[in-house]
Amino acid sequence: MDLKKFKTRNIYNEIEDGSITCKSPSNIALIKYWGKKDIQIPLNPSISFTLDNCNTTTTLTYQKKSTNDISFELFFDGNSKEEFEPKISQFFNRVIEYVPFLNSYHFKIDTTNTFPHSSGIASSASGMSALATCVVELEQKLSQEMSLNEIRRKASFLSRLGSGSACRSIEGPMVLWGKHSSIKESSDIYGIKLPIEINQVYNNYQDTILIVEKGQKLVSSSVGHELMNNHDFKTQRFIQASNRLTQIISALESGDLMGFIKIVELEALTLHAMMMSSDPYFILMRPNTLKIINKVWEFRKSTSIPVCFTLDAGANVHILYPKTFQKPIDNFIKKELLKYCQDGQFIADCVGEGVKII
Ligand code: DP6
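Conventions we followed
Position numbers for residues count from 1 along each chain, tracking the sequence in the order it is written. The predicted origin of the model limits local features to residues at a pLDDT of at least 70 and limits the giving and counting of side-chain atom pairs to 80 or more, whereas totals for whole chains, interfaces and linings rest on all residues. Hydrogens and water molecules were not included; the side-chain quantities draw on all heavy atoms of the structure. Nearness of a residue to a molecule or strand requires only that one of the residue's heavy atoms be within 4 Å of it. Whenever two N or O atoms come within 3.5 Å, that pair is a polar contact, provided that in protein one can donate a hydrogen and the other can accept it, and provided that, for residues adjacent in sequence, both atoms are side-chain atoms. Each accessible area is a Shrake-Rupley estimate made with a 1.4 Å probe; only the visible protein chains count as cover when residues are assessed. Helix and strand definitions here come from DSSP, where helices need a minimum of 4 consecutive H or I residues and strands a minimum of 2 consecutive E residues; each element is numbered from the N-terminal end. Residue polarity follows a fixed list, in which Ala, Val, Leu, Ile, Met, Phe, Trp, Tyr, Cys and Pro are nonpolar, Asp, Glu, Lys and Arg are charged, and the others, Gly among them, are polar. Here the limits of each domain have been adopted from an automatic or database domain assignment. Here a Phe, Tyr or Trp ring, Trp counted by its six-membered ring, pairs with any other such ring whose centre lies within 6.5 Å, and the pair is stacked when the planes are under 30 degrees apart, edge-to-face when over 60, and tilted otherwise. For each residue, the accessible area found with a 1.4 Å probe, counting protein chains only, is set against the maximum for its type, and the residue is called buried under 20%, exposed over 50%, and partly exposed in between. Charge over a ring is defined by NZ of Lys or CZ of Arg lying within 6 Å of the ring centre and within 35 degrees of the ring normal. Any two residues whose heavy atoms approach within 4.5 Å are treated as being in contact. Axis angles are defined between N-to-C directions and span 0 to 180 degrees, where every axis is a line fitted to C-alpha atoms and, for a helix, only to the segment in contact. Note that the term roughly parallel is reserved for angles under 35 degrees, roughly antiparallel for angles over 145, roughly perpendicular for angles of 65 to 115, and oblique for everything else. Two helices that cross are described as forming a left-handed crossing if the nearer one is turned anticlockwise from the farther one by less than a right angle, and a right-handed crossing if clockwise. A carboxyl oxygen of Asp or Glu within 4 Å of a side-chain nitrogen of Lys or Arg is what we treat as a salt bridge.

## Section: the site of the ligand
Neighbouring the ligand are 17 residues, the closest being Y33, K36, S163, S165 and R168. In the environment of the ligand, an oxygen atom lies 2.6 Å from a nitrogen or oxygen atom belonging to the side chain of Y33. Note that an oxygen atom of the ligand is positioned 2.9 Å from one of the side-chain N or O atoms of D312. Here the ligand has 460 Å² of accessible area as a free molecule, and 95% of this is covered by the chains. If you tally residues by element for the shell around the ligand, the top one is helix α4 (residues 221-227), at 3 residues. In terms of residue class, the shell around the ligand is made up of 5 nonpolar, 8 polar and 4 charged. Counting contributing residues per domain, the shell around the ligand is built from domain 1 (4-196) and domain 2 (201-350), each supplying no fewer than three.

## Observations regarding the packing of aromatic side chains
Across all of its chains, the model carries 17 aromatic pairs by this definition. Ring geometry for F299 and F332: centres 4.0 Å apart, planes at 10°, overall stacked. With a gap of 33 residues between them, F299 in helix α7 (residues 287-303) and F332 in helix α8 (residues 326-337) connect regions that are remote in the sequence. With respect to burial, F299 and F332 carry one shared label: buried. Through a chain of ring-to-ring contacts, three or more aromatic side chains come together here, namely Y62, F72, F91, F92, Y105 and F107. Residue placement shows K81 over the ring face of F84; its charged tip is 5.8 Å from the ring centre. Across the ring face of F75, the terminal group of K108 is positioned such that the distance to the ring centre comes to 5.3 Å.

## Some remarks on the environment of T8
Tracing the backbone shows T8 in the segment before β1 (17-31). Exposure remark for T8: the relative accessible area of 14% places this residue in the buried category. It is 15 Å that separates the C-alpha atoms of T8 and S156, two residues lying 148 residues apart in sequence. In this structure T8 touches Y98, V99, P100, F101, E139 and K154, once residues within four positions along its chain are discounted. For T8, the side chain forms a polar contact with the main-chain oxygen of Y98, separated by 2.9 Å. Side chain to side chain, T8 and E139 meet in a polar contact 3.3 Å long.

## Brief notes about the side chain of R244
Looking at where R244 falls in the secondary structure, it is placed in helix α5 (residues 234-254). In contact with R244, other than residues within four places in its own chain, are I31, R237, I263, L266, E267 and T270.

## Looking at the packing of helix α6 (residues 257-276) against α7
Interhelical geometry of α6 versus α7 gives an angle of 165° and a closest axis separation of 14 Å. Our classification of the angle between α6 and α7 gives roughly antiparallel. Handedness of the α6/α7 crossing: left-handed. Packed against α6, whose contacting residues are I261, E265 and L269, the element α7 presents I293, V296, W297 and R300 at the interface. By residue class, the composition of the contact of α6 with α7 is 5 nonpolar, no polar and 2 charged.

## Some words on the pattern of salt bridges
If you walk through the whole model with that rule in mind, you get 13 salt bridges. Between K81 and E83 there is a salt bridge, and its shortest N-O distance comes to 3.4 Å. For R152, the salt bridge goes to E171, with nearest N and O atoms at 3.7 Å. Of this pair, R152 sits in helix α3 (residues 148-162) while E171 sits in the loop between α3 and β8 (174-177), placing them 19 residues apart in sequence. Salt bridges here are not isolated pairs; linked through shared partners, they connect R237, R244 and E267.

Structure representation (structure tokens):
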């Protein structure tokens, strides 16, 4: 793998201080990333919808210093957050070989999320991609050598070193991460905008996130990924994910919504089946998760409206549907599903375009 192209080349500009603000969204995987080696090298390719309303805004304030080391302070919603520092420290240590100029500055990182920290929505994808983009923007100010495409690639590459799924948040509306034989530009080390012509039925796709259970994840993604290494179904799972990727690409090109729905739901259930059959085994779905899934199936059968669900590594349910069906689905959600959400909480989201510099 040619990693040289991700290293900072020349620094032309002497910059003493300044700040950069980026806003980056979360994403929801349709083909799931579950299993990795080394530092976030995925064991199968994944595809995601980039979201729009669930995002992190990060301001990176920098001040030149004389020592040569990593130095930062972190504020979350304006308050100092020491418990988040190890993850950021790990990120800086992993990326430093690609962006060595970081050693010359002291950083203040101010970060806020649009979704509540305790909502059960993972903030690592939006948070890491926002921070990585700020770092790449600083590099661009210092060197001015990268094209827009190179900036995006490097932001995705660095995001991945923070959290795997974060590399899928740089662009939109759909991103592919992980090598797949049918797409030659695909890569294990960064995400790319899905290079196919996506049928217009997927334009403006909606994602209503039903908060079944707030609070921190019971099992961290890293522990979950680790359990795939000795999983009985490991080999078959990675072949299956690649095959499903081929199938979903064809459903995305042709507009075959029923084919799309089948793969998306199979992937969500397979992710949880992997958790339920690992050693140690665990269940992240809750009784209300299953009630919602059954209601979605009943509603789809009785109305023929192409609505489906997907799941993250948690109990919350993402309800996915084309914008044209917004009205009947809003009614369905209000009447039939909100009673299964903690405090009736949900987030109305839709596909978006990725990170923005503010
Ligand atoms: C279930 O990206 O959170 O959401 O690379 O260890 O940071 P790390 O894991 P993370 O894993 C996400 C797993 C998932 C599926 C997916 O987003 O593809």
